[in-house]
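A look at the structure
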Amino acid sequence: MTDYLQEQEMEIEALEAILMDEFKEIHSAESGLSTSNRCFQITLSPQDDDTDQSTTIPVQLALVFSHTEKYPDEPPLLIVKSIRGIQTNDLKLLKEKLDQEASENLGMAMIYTLVTSAKEWLSERYGQDADADNAEEEEAIKDEVIVPHGEPVTVDTFLAWRERFEAELALERAKLMPESALTAPKEKKLTGRQWFESGRVSAKGTVPVNEGSDEEDEEDIDFDDDFEDDEEDMLEHYLAEKSDSSSHSSKRTA
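Residues numbered from 1 in each chain as written. Predicted model: local features only at pLDDT ≥ 70, side-chain atom pairs only at ≥ 80, totals over all residues. Heavy atoms only, no water.

1. Section: the overall build of the chain
The secondary structure content of the chain amounts to 9 helices and 6 strands. Excluding contacts between residues fewer than 6 apart, the proportion of contacts in the chain whose partners are at least 24 apart in sequence is 58%. (Helix = DSSP H or I, 4+ residues; strand = E, 2+ residues; numbered from the N terminus. Contact = heavy atoms within 4.5 Å.)

Structure, rendered in structure tokens:
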């Protein structure tokens, strides 16, 4: 004769050792089962054992059971409840699944088998959805990150950009200038050497530049900048011409 009570007690001790905090005894009045026997509740969630416990669990399931008089030769009384986030239709499907497995495991302790099956179902049903939601959140965060695009800056690209920028700036300035300023002829400047070698300097001073000279066709030259480089040559040239002029004047007087 089978000692059903002893087998039931041994199974309860094993479940307490394996499930620990997830396993607890509850009063039959709060179990939802039509029995006055001892009732137990096992809390299940889709999270893995190595998951951080501080993380908020999106869904949780309570598996409530009670042994019948001839368990395990007959199925236990069983009910599933949603602790958090599980829909009623899903609870009904899970209950049917567990009833079917219980009938297939008659004659042996089956509560832990039913617990394992329920946890796998919960992970498949809600664990993937949670992973998908997390993936979508990660993708949304990536989309918010600004990724720089474009050509990397080098010396050559910078110089090319600066040339274009200065050209555009000059064009903008030209648009703001009056038309008369744009059409006016530019004043030509000579270097110090060109000034003296042209013969426009005499002992008494300088000779004005004739208008309409062919030198007006030459490229514009900044007189002020080049004059500093030829300062010494200009002084020697000027003193030499002044000395020659003084000599000629003395001879004429004699």
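Following the structure, the description resumes.
2. Some points on the confidence of the model for the chain
Summarising the model, the chain shows a mean pLDDT of 75, and 54% of its residues fall at 70 or more. pLDDT under 50 marks residues 203-207. Its contacts with residues more than four places away, or in other chains, come to 8 contacts. (pLDDT = per-residue confidence, 0-100.)

3. Looking at a nonpolar patch on the surface
On the surface, a nonpolar cluster with roughly 690 Å² of combined accessible area is contributed by Val 153, Val 155, Phe 158, Leu 159, Trp 161, Phe 165 and Leu 169. Checked against the element boundaries, Leu 159 lands in helix H5 (residues 155-176). Classification of Leu 159 by relative accessible area gives partly exposed; the value is 39%. (Patch = residues over 30% accessible without salt bridge, like charges linked within 9 Å, V, L, I, M, F, W, Y side chains within 5 Å. Areas by Shrake-Rupley, 256 points an atom, 1.4 Å probe, with all protein chains shown as cover. Salt bridge = Lys/Arg side-chain N within 4 Å of Asp/Glu carboxyl O. Buried < 20%, exposed > 50% of the residue type's maximum accessible area, 1.4 Å probe, protein only.)

4. Concerning the sheet that holds strand S2 (residues 39-44)
Taken together, the 4 strands give an open sheet; going across it, the order is S1-S2-S3-S4, and neighbouring strands pair in antiparallel fashion. The open sheet has two edge strands, strand S1 (23-26) and strand S4 (77-84), and neither has a second partner. Put simply, the sheet's adjacent strands are angled 25° from each other on average, direction ignored. Examined bridge by bridge, strand S3 (residues 60-66) and S4 share 7 bridges and lie antiparallel to one another. In the strand pairing of S4, Ala 62 is matched with Lys 81. Along the sheet, helix H1 (residues 4-19) contacts S1, S2 and S3; its crossing angle with S1, the most-contacted strand, is approximately 130°. Across the face of the sheet, helix H3 (residues 88-104) comes into contact with S3 and S4 while running at roughly 150° to S4. (Pairing = 2+ DSSP bridges. Axes fitted to C-alpha atoms, helices over the stretch in contact; angles between N-to-C directions.)

5. A short note on H3
If you check H3, its first and last C-alpha atoms are 25 Å apart, about what 17 residues at 1.5 Å a residue would give, namely 24 Å. Turning to H3, its buried residues number three or more, namely Asp 90, Leu 91, Leu 94, Leu 98, Glu 101 and Ala 102. Buried residues along H3 cover an arc of 105° about the axis, so they all sit on one side. Among the exposed residues of H3, those oriented more than 90 degrees off its buried face are Thr 88, Asn 89, Lys 92 and Glu 104. (Expected span 1.5 Å × (residues − 1). Arc of directions from axis to C-beta.)

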